[in-house]
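Commentary on secondary and tertiary structure
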There are 2 protein chains.
Amino acid sequence: MKETIENKIISLEKKALERWNQGDPSGFLELSANDVVYFDPFTEHRIDGLEKLTQLYETIRGEIKVDRYEMINPKVHCSEEMAVLTYNLISHINNDTVRWNCTEVFRKDSNNEWKIIQTHWSLTKPKLNT
Amino acid sequence: MKETIENKIISLEKKALERWNQGDPSGFLELSANDVVYFDPFTEHRIDGLEKLTQLYETIRGEIKVDRYEMINPKVHCSEEMAVLTYNLISHINNDTVRWNCTEVFRKDSNNEWKIIQTHWSLTKPKLNT
């Protein structure tokens, strides 16, 4: 059971990520639950709810173009109802790379579909201007 | 049931955080499961397992002194077996403040105790040196 959930969760994430990398945030939006909460390095506070996340993502639709990505060492902790996916990500954009830490929490809904209820993106070892 | 779990989870986190703020990482270490995974802004990769997290935390034991903290808008998504706590944190250190995004995932173990299986700390809107 555990292995099946792991594969399912990683596959869902990769599909959404591949759409994201082509400028299409709808993969993640379709995969997220109504009560999703969200952090990234550019928001002042946690974003609460799919409606607000949709508003945020619509501002960057079409803006992102990642040539190639590496999902590093994905790991899934799971129970029957919830699954936690963590991984490091390298995004290759032109000749540049961006390194990310990612945590996604999925919950199985009443239709037995896994939906994201928490997303946390942060930069790996950001070079801070102090 | 939901409200009880929420209060329990937030209380566990606050107790560990208050010890952390006095330089004592043992609160978080005692609260973490053997298979905990961990991100913060200063690590090159995800840290896997309590043993490695302990090694990391022992290097900063006694080094941290937070005068006052504000846990902003804590939220808990929970099932019977797992709970996801998210919040923004402001740490006041002397006359400075540091703002954090935090995600903790807890799992109920075989003794009915809640243990952290995933910690993700990141800086809120870090000022990047690009």
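Residue indices begin from 1 for each chain and proceed along its sequence in written order. Chains carry letters from A onward and ligands carry numbers from 1 onward, assigned in written order. In view of the model being predicted, local features appear only for residues whose pLDDT reaches at least 70, and side-chain atom pairs are presented and counted only at 80 or more, with totals across whole chains, interfaces and linings using the full set of residues. The side-chain numbers reported here are obtained from all heavy atoms of the structure, hydrogens and water having been left aside.

**Side note on the packing of aromatic side chains**
Centres within 6.5 Å make a pair out of two Phe, Tyr or Trp rings, where for Trp the six-membered ring is used; the pair is then stacked when the planes are under 30 degrees apart, edge-to-face when over 60, and tilted otherwise. In this structure the tally under the stated criterion is 10 aromatic pairs over all chains. Where W20 of chain A meets Y57 of chain A, the ring centres are 4.7 Å apart and the plane angle is 55°; that geometry is what we call tilted. With W20 of chain A in helix α1 (residues 2–20) and Y57 of chain A in helix α3 (residues 50–58), the pair connects residues that are 37 residues apart, well separated along the chain. Aromatic pair W20 of chain B and F28 of chain B: ring centres 6.1 Å apart, planes at 70°, arrangement edge-to-face. A run of H or I in DSSP becomes a helix once it reaches four residues, and a run of E becomes a strand once it reaches two; helices and strands are each numbered from the N terminus.

**Overview of the interface of chain B and chain A**
Listed as interface residues are 41 residues of chain B and, on the opposing side, 41 residues of chain A. The term buried area refers to how much accessible surface (probe radius 1.4 Å) is lost by two components on association, counted for both of them together. Where chain B abuts chain A, roughly 3,400 Å² becomes buried across the two surfaces, and 57% of that area is made up of carbon and sulfur atoms. Criterion for a salt bridge: a side-chain nitrogen of Lys or Arg within 4 Å of a carboxyl oxygen of Asp or Glu. At the boundary of chain B with chain A, the tally comes to 2 salt bridges. In this structure, K125 of chain B engages E44 of chain A in a salt bridge whose closest nitrogen and oxygen atoms are separated by 3.8 Å. Side-chain atoms alone can form a polar contact between residues adjacent in sequence; in general such a contact is a pair of N or O atoms within 3.5 Å, and within protein one must be able to donate a hydrogen while the other accepts it. Between the two partners, chain B and chain A, sit 16 residue pairs in polar contact (both at pLDDT 80 or more). The greatest single-element share of the side of chain B that touches chain A, amounting to 6 residues, is contributed by strand β5 (residues 96–108) of chain B. Residue type decides the class: Asp, Glu, Lys and Arg count as charged, Ala, Val, Leu, Ile, Met, Phe, Trp, Tyr, Cys and Pro as nonpolar, and the leftover types, Gly among them, as polar. Across the side of chain B that touches chain A, the residue classes break down as 15 nonpolar, 14 polar and 12 charged. By definition, residues are in contact when any of their heavy atoms lie within 4.5 Å.

**Quick notes on a negative patch on the surface**
A contiguous patch of negative charge on the surface is contributed by E80 and E81 of chain A together with E80 and E81 of chain B. On the secondary structure map, E81 of chain B appears in the loop between β3 (68–78) and β4 (82–93). Classification of E81 of chain B by relative accessible area gives partly exposed; the value is 38%. Patch membership is restricted to residues that have no salt bridge and whose relative accessible area is over 30%. Joining uses 9 Å for like charges and 5 Å for the nonpolar side chains Val, Leu, Ile, Met, Phe, Trp and Tyr. Here, Shrake-Rupley sampling with a 1.4 Å probe gives the accessible areas, and only protein chains in the shown set may cover a residue. Note that His is not counted, nor are the chain ends; the positive residues are Lys and Arg, and the negative ones are Asp and Glu. Charge positions are represented by NZ for Lys, CZ for Arg, CG for Asp and CD for Glu. Relative accessibility decides the category of a residue: with a 1.4 Å probe and only protein chains considered, values under 20% of the type maximum give buried, values over 50% give exposed, and everything between is partly exposed.

**Observations concerning the relation of the copies chain B and chain A**
Least squares is the method used to superpose the copies, on C-alpha atoms of residues holding a pLDDT of at least 70 in both. The two copies are related by a screw operation: chain B maps onto chain A through 180° of rotation and 0.0 Å of translation along the axis, at an RMSD of 0.0 Å. Considering both components of the superposition, the chain copies are consistent with a two-fold axis. Comparing interface residues between copies, 100% of those in chain B also sit at the interface in chain A, which points to an isologous, same-surface contact.

**Observations regarding the pattern of salt bridges**
All names here are of chain A. Within this structure, the stated rule accounts for 20 salt bridges over all chains. With a closest N to O distance of 2.8 Å, E58 and R61 form a salt bridge. For R61, a relative accessible area of 35% corresponds to the partly exposed category. Among the salt bridges present, the one from K65 reaches D67, with a minimum N-O distance of 3.6 Å. By relative accessible area, which is 46% here, K65 ends up partly exposed. Using a relative accessible area of 44% as the deciding quantity, one classes D67 as partly exposed. Here the salt bridges do not stand alone but share partners, grouping R19, D24, E30, E58 and R61 into one network.

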